[in-house]
Amino acid sequence: MTQALIVIDVQNDFCPGGALAVPEGDQIVPGINALMERADAVVLTQDWHPAKHLSFASQHPGAEPYGLTQMPYGPQVLWPDHCVQGSLGAAFHAGLNTDQAQLIIRKGFRPQIDSYSAFFENDQTTPTGLEGYLRTRGITDLTMVGLATDFCVNFSALDAARLGFKVTVRLDLCRAIDLDGSLGAALSAMKQAGVDLLSE
């Protein structure tokens, strides 16, 4: 067993009708379920924010969602309130076969720092613990799917490649926000990092 499927943030708030909806985010669920059945190991990530998380525009007077602010760790997009702990929006999409998951990694639960990557908080140093789990299981090859291509999938893929994992992103099983050209930048960064970008 050397391969794992990493399913990133397929949650209600990132699907149509959610607080931070990714266009067509729900359309990838059947394909992800099918891929789970063939994977050696399945890991789900779950955005899991406290109600007053500092990445929320609502916590910055006068700020609008999708604007930028400076955090101690660098620039931060300010998001609509989303994936609040225990809320329906934070729950996985009802169609996702969560029974297949062997591990669920919750991220973004520290109030002062956001977390796009499945491996590190946005300071790029605070680990989620996923690397250790994969190493101790002898997993070397990762396939990534989920939401959103240009944020959490991108940051997860870049970190995994930097850590020495062989990474494939199934673009047909991802969807993007594409905020001010973020999708093109993400695809370029992943290619430069040696990530395999596939569509089937």
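### Things to note about the pairing of strand β2 (residues 41-47)
Here's step 1: Most of β2 sits out of view: seven of its seven residues are buried.
Here's step 2: Side chains Ala 41, Val 43, Thr 45 and Asp 47 of β2 all project onto a buried face; the interleaved residues Val 42, Leu 44 and Gln 46 project onto the opposite face, where all are buried too.
Here's step 3: Read as a crossover between parallel neighbours, the route from strand β1 (residues 3-8) over helix α1 (residues 29-36) to β2 is right-handed.
Here's step 4: Bridge count for β2 against strand β5 (residues 103-107) is five bridges, and the pairing is parallel.

### Details of the nonpolar core
Across soluble globular proteins, you tend to see nonpolar side chains buried next to one another.
Here's step 1: Ranked by size, the top nonpolar core spans 54 residues in total, and within it Val 7, Ile 32, Leu 96, Phe 119, Leu 142 and Met 144 carry the most contacts.
Here's step 2: At the level of secondary structure, the elements contributing two or more residues to this core comprise β1, α1, β2, α2 (130-136), β6 (141-147), α3 (149-162) and β7 (166-175).
Here's step 3: With six residues, the single largest contributor to this core is α3.

### Topic: helix α4 (residues 182-192)
An α-helix turns once per 3.6 residues; consequently, residues spaced three or four apart project the same way.
Here's step 1: Within α4 the residues assigned to the buried category are Ser 182, Ala 186 and Met 190. Projected onto a plane normal to the axis of α4, the buried residues spread over an arc of 65° and lie on a single side. Along α4, the residues that are exposed and aim more than 90 degrees away from the buried face are Lys 191 and Gln 192.
Here's step 2: Tucked inside the fold, the buried residues of α4 contact α3, β7 and β8 (196-198).
Here's step 3: One or two residues past the end of α4 sits Gly 194, with phi positive at roughly 90°.

### Describing α3
Here's step 1: Burial runs high along α3: eleven of the 14 residues are buried.
Here's step 2: Regarding α3, the residues found buried are Thr 149, Asp 150, Phe 151, Cys 152, Val 153, Asn 154, Ser 156, Ala 157, Asp 159, Ala 160 and Ala 161.
Here's step 3: Along its buried surface, α3 packs onto β1, β4 (74-77), β5, β6, β7 and α4.
Here's step 4: Downstream of α3 by a residue or two, Gly 164 has a phi angle that is positive, lying close to 100°.

### Focus: the pairing of strand β3 (residues 68-71)
Here's step 1: In this structure, β3 lies alongside β4, joined through four bridges in antiparallel fashion. Following the sheet pairing, Thr 69 is matched in β4 by Gln 76.

### Quick word on empty space enclosed by the protein
Here's step 1: Under the counting rule described, the total for this entry stands at one cavity of 30 Å³ or more.
Here's step 2: In this structure, the largest cavity occupies an estimated 130 Å³ of space.
Here's step 3: Lining the largest cavity are 16 residues; nearest its centre among them are Phe 14, Leu 20, Trp 79, Phe 151 and Cys 152.
Here's step 4: Residues of the lining of the largest cavity, tallied by class, amount to ten nonpolar, three polar and three charged.

Cut-offs applied
Residues numbered from 1 in each chain as written. Predicted model: local features only at pLDDT ≥ 70, side-chain atom pairs only at ≥ 80, totals over all residues. Heavy atoms only, no water. Buried < 20%, exposed > 50% of the residue type's maximum accessible area, 1.4 Å probe, protein only. Helix = DSSP H or I, 4+ residues; strand = E, 2+ residues; numbered from the N terminus. Right-handed = clockwise from strand over helix to strand, strands pointing away. Pairing = 2+ DSSP bridges. Core = buried A, V, L, I, M, F, W, Y, C linked by side-chain atoms within 4.5 Å. Arc of directions from axis to C-beta. Contact = heavy atoms within 4.5 Å. 1 Å grid on protein atoms, 1.4 Å probe; cavity = no way out; pocket = protein on both sides within 12 Å on 5 of 7 lines; lining within 4 Å. Points joined across faces, edges and corners; volume = space filled by probe spheres on them. Nonpolar A, V, L, I, M, F, W, Y, C, P; charged D, E, K, R; others polar.

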